[in-house]
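What follows is each chain in one-letter form.
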Amino acid sequence: APSGTAAASAAPIAAPAEGSADAIAQKIDAIFSPKKNFSAKFKQKLEQKVSGAKKDASGTLTVERPNKISFRYDPPNKNRVVADGTTLKIYMAEDAQMFTSKVDSSAYAGGLAFLMGGLLKTMSFTFNTKADYKDGYVLIGKPRVPGPNYEYVIFYVNKALLEKGEPGVIERIVIVDAQGNKNRFDFTDSSFPASVLATEWEFTPPPGTNIVK
């Protein structure tokens, strides 16, 4: 490419050293990159640093690359997060509000970058050697380009599933923002479905919802 193009201006990412945290991330990308669809059950734990408030939720996450994503929450939680490839909708039932924005792949950077096959592209990695996790590796991913969405993300990587190339290789992620708030997801029943119903990407909020663009 000519030197003036965007492709040339993005610094190439050096090949990771054997056994490094970046090399593990590269292996994870190799599992997810060829796959179009991903689905898993999740348990979510939100922890506010200042107030100490905690919120638990659970549901199902579905992804269709390159830019469709869906969080369906288990009742009684009526929240919904869905991106149909064009618009991202975040519906907060208790506030009767829905936030909409144009889909931007950077919104999936960070915690969910592994689903898009783009871990190494968006983050650089180190090992967290202090974490108590016997099944494999704990990686700390820091964004290559700092942004408002997160400060760093912790990934719990199952070593046996990594070697087998299984979809459940990431057992847990913890997204930490600049204020120290933590958003933790534990994944189970991970799979690569052959197809996803088109209705997965549809959502109409209840009448009376305040829509914020």
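Look up a bit, the structure's there.
What comes next concerns the included structure. In this text, all values refer to a predicted model and were calculated from it rather than measured experimentally. (Residues numbered from 1 in each chain as written. Predicted model: local features only at pLDDT ≥ 70, side-chain atom pairs only at ≥ 80, totals over all residues. Heavy atoms only, no water.)

Within the protein, the regular secondary structure consists of four helices and twelve strands. At 18 Å, the protein has a C-alpha radius of gyration in line with the 17 Å of a compact globule built from 213 residues. By its C-alpha atoms, the protein is 55 × 50 × 40 Å across when sized along the principal axes. Within the protein, the proportion of its 213 residues that are buried is 39%. Taking the intrachain contacts of the protein between residues at least 6 apart in sequence as the baseline, contacts between residues at least 24 apart amount to 50%. Working note: accessible area of the protein is about 12000 Å², and carbon and sulfur atoms make up 53% of it. Averaging the positions of the 27 positive and the 22 negative side-chain charges in the protein gives two centres separated by 1 Å. (Helix = DSSP H or I, 4+ residues; strand = E, 2+ residues; numbered from the N terminus. Rg over C-alpha atoms; globule rule 2.2 N^0.38 Å. Buried < 20%, exposed > 50% of the residue type's maximum accessible area, 1.4 Å probe, protein only. Contact = heavy atoms within 4.5 Å. Areas by Shrake-Rupley, 256 points an atom, 1.4 Å probe, with all protein chains shown as cover. Lys, Arg positive; Asp, Glu negative; His and termini not counted. Charge placed at Lys NZ, Arg CZ, Asp CG, Glu CD.)

Bringing the nonpolar core into the picture now. One finds Ile28, Leu61, Phe114, Phe155 and Ile173 to be the most contacted residues of the largest nonpolar core, which totals 40 residues. With residues up to four places along the chain from it excluded, the contact list for isoleucine 173 reads Gly111, Leu112, Phe114, Val153, Ile154, Phe155, Asn183, Arg184, Phe185 and Phe187. With six residues, the next largest nonpolar core counts Tyr133, Tyr156, Val174 and Val176 among its residues. (Core = buried A, V, L, I, M, F, W, Y, C linked by side-chain atoms within 4.5 Å.)

We now examine the sheet that holds strand 8 (residues 136-143). In spatial order, the strands read 7-8-9-10-11-1-2-3-4-5-6-12; together these twelve strands make up an open sheet with mixed pairing. Edge positions in the open sheet fall to strand 7 (123-127) and strand 12 (210-212), since each of these has one partner strand only. This sheet shows a mean twist of 20° between the axes of neighbouring strands, independent of strand direction. Bridge count for strand 2 (residues 54-64) against strand 3 (residues 68-73) is six bridges, and the pairing is antiparallel. Counted as the bridge partner of threonine 62 is serine 70 from strand 3. (Pairing = 2+ DSSP bridges. Axes fitted to C-alpha atoms, helices over the stretch in contact; angles between N-to-C directions.)

Turning to unusual backbone geometry, a few remarks are in order. Omega for the bond connecting arginine 65 with proline 66 falls within 30 degrees of zero, at 15°, which places this linkage in the cis form. Within the secondary structure, proline 66 sits in the loop between strand 2 and strand 3. The omega torsion across proline 75 and proline 76 is 10°, close enough to zero to call that bond cis. Relative to the helices and strands, proline 76 resides in the loop between strand 3 and strand 4 (80-84). One non-glycine residue, aspartate 189, lies in positive phi territory at about 55°. Relative to the elements of secondary structure, aspartate 189 occurs in strand 11 (residues 182-191).

With that out of the way, let us pick up the side chain of glutamine 44. The residue glutamine 44 is located in strand 1 (residues 37-47) in this model. Residue classification places glutamine 44 among the buried positions, given a relative accessible area of 9%. There is a polar contact of 3.0 Å between the side chain of glutamine 44 and the side chain of asparagine 183. The contacts of glutamine 44, once residues within four sequence positions are left out, are Lys55, Asp56, Ala57, Tyr73, Asn183, Arg184 and Phe185. (Polar contact = N/O pair within 3.5 Å; in protein donor to acceptor, adjacent residues only side chain to side chain.)

A complete count under the given rule lists twelve aromatic pairs for this structure. Between phenylalanine 185 and phenylalanine 187, the ring centres sit 6.3 Å apart and the planes meet at 5°, which makes this aromatic pair stacked. Neither residue differs from the other here; phenylalanine 185 and phenylalanine 187 are each classed as buried. Between arginine 172 and the ring centre of tyrosine 156, over which it is positioned, the NZ or CZ distance is 4.7 Å. (Phe/Tyr/Trp six-rings, centres within 6.5 Å; stacked < 30°, edge-to-face > 60°. Lys NZ or Arg CZ within 6 Å of the ring centre and 35° of its normal.)

With that out of the way, let us pick up the side chain of threonine 209. You can see threonine 209 is positioned in the loop between strand 11 and strand 12. When near neighbours in sequence (up to four residues on either side) are disregarded, threonine 209 contacts Tyr91, Ala96, Gln97 and Met98.

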